[in-house]
Amino acid sequence: MYLPSQIFIGPLPLFNVLMVLSIALASFLLSRYQAPDRVQDIFWAILVGAILGDKGIYIVTDLHYYLEDPAHLIFTPESSLGLWGLGIGAVIGTVIVIFRHHSEWTRHDMDVMALAASPALTLWSLGFNWIGLPSKIPLLSIHKQHLDRFATFFFFFLLMGIITVIITIFHRRFSNTHGQVAGLFLLLTAISLVAAQLTAPRPEFTLSTLDWLAIISAVAGYRFMTPVAENHETN
């Protein structure tokens, strides 16, 4: 199985290296698309909030361990993503910046963020652990080198790569209303999250964290695309 948290480049796990590269890529793309300062602010707020939340949840849950060896928060696989801490920190950072610029946001801002986030997330997903799960779809099972289980997050990486190509082409050739690119990105990402999880069976139907993320993304994506539908109805 592919476990980036156990592959090191110098002192850092591959997961962390890819995270840094994806951040650099997103920052470069925001500059290329001439994103306004408020978009840059929310990008860094999400980043800093996610990092602080990620590290904070490890400190809260095992304070004694990290007080004895604080370097493990940075340099070891034990400090790879704490999903809940990352999410909470990112949300707090986002809310702070949104309220700070509450009267300035435009749908074009969301389009620029989507165009930067999609390739960055694709690169970052290379660092997700490709832990194989029994696949319900035989064509998606990997049988080479004794890998008889389909790597769910590898499928997500492939889907995100396709989404990046789609929204880039859509932005350049078809988009004529602000918000369409962001809406398409969110809707396709929601579908990808669900599709990746459907490749593996579940013992019982329960909504996971990724399911809730897919639902929120789908609702937000539909909201961004709704004005397009309304315009067509009025015409």
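The structure displayed is predicted, hence computed values, not measured ones.

*Asks:* Got a sec to walk through the packing of helix α6 (residues 107-125) against helix α8 (residues 180-198)? Specific residues and values, please.
*Replies:* Where α6 meets α8, the closest approach of the two axes is 7 Å, and the angle between their N-to-C directions is 40 degrees. Taken together, α6 and α8 sit at an angle that is classed as oblique. Here the hand of the crossing between α6 and α8 comes out left-handed. Contacts between α6 and α8 involve M110, D111, A114, L115, A117 and S118 on the former and, on the latter, Q180, V181, A182 and F185.

*Asks:* Before we move on, could you go through the environment of A50 and cite the residues and values that matter?
*Replies:* Among the structural elements, A50 can be located in helix α2 (residues 37-61). Between the alpha carbons of A50 and A90 there is a distance of 4.5 Å; along the sequence they are 40 residues apart. Not counting residues within four places of it along the chain, the set of residues in contact with A50 comprises G85, L86, G89 and A90.

*Asks:* Explain the nonpolar core to me, using residue names and the numbers behind them.
*Replies:* Residues L30, W124, F156, I163, I167, V181 and F185 are the most contacted members of the largest nonpolar core, which totals 38 residues. Among the elements that line this core, the one with the most residues is α8, at nine residues. Among residues more than four places away in sequence, those in contact with I167 are A114, L115, S118, V181, L184 and F185.

Definitions and cut-offs
Residues numbered from 1 in each chain as written. Predicted model: local features only at pLDDT ≥ 70, side-chain atom pairs only at ≥ 80, totals over all residues. Heavy atoms only, no water. Axes fitted to C-alpha atoms, helices over the stretch in contact; angles between N-to-C directions. Helix = DSSP H or I, 4+ residues; strand = E, 2+ residues; numbered from the N terminus. Parallel < 35°, antiparallel > 145°, perpendicular 65-115°, else oblique. Left-handed = near helix turned anticlockwise from the far one by under 90°. Contact = heavy atoms within 4.5 Å. Core = buried A, V, L, I, M, F, W, Y, C linked by side-chain atoms within 4.5 Å. Buried < 20%, exposed > 50% of the residue type's maximum accessible area, 1.4 Å probe, protein only.

Read these as layout, nothing more, since geometry by itself doesn't imply function.
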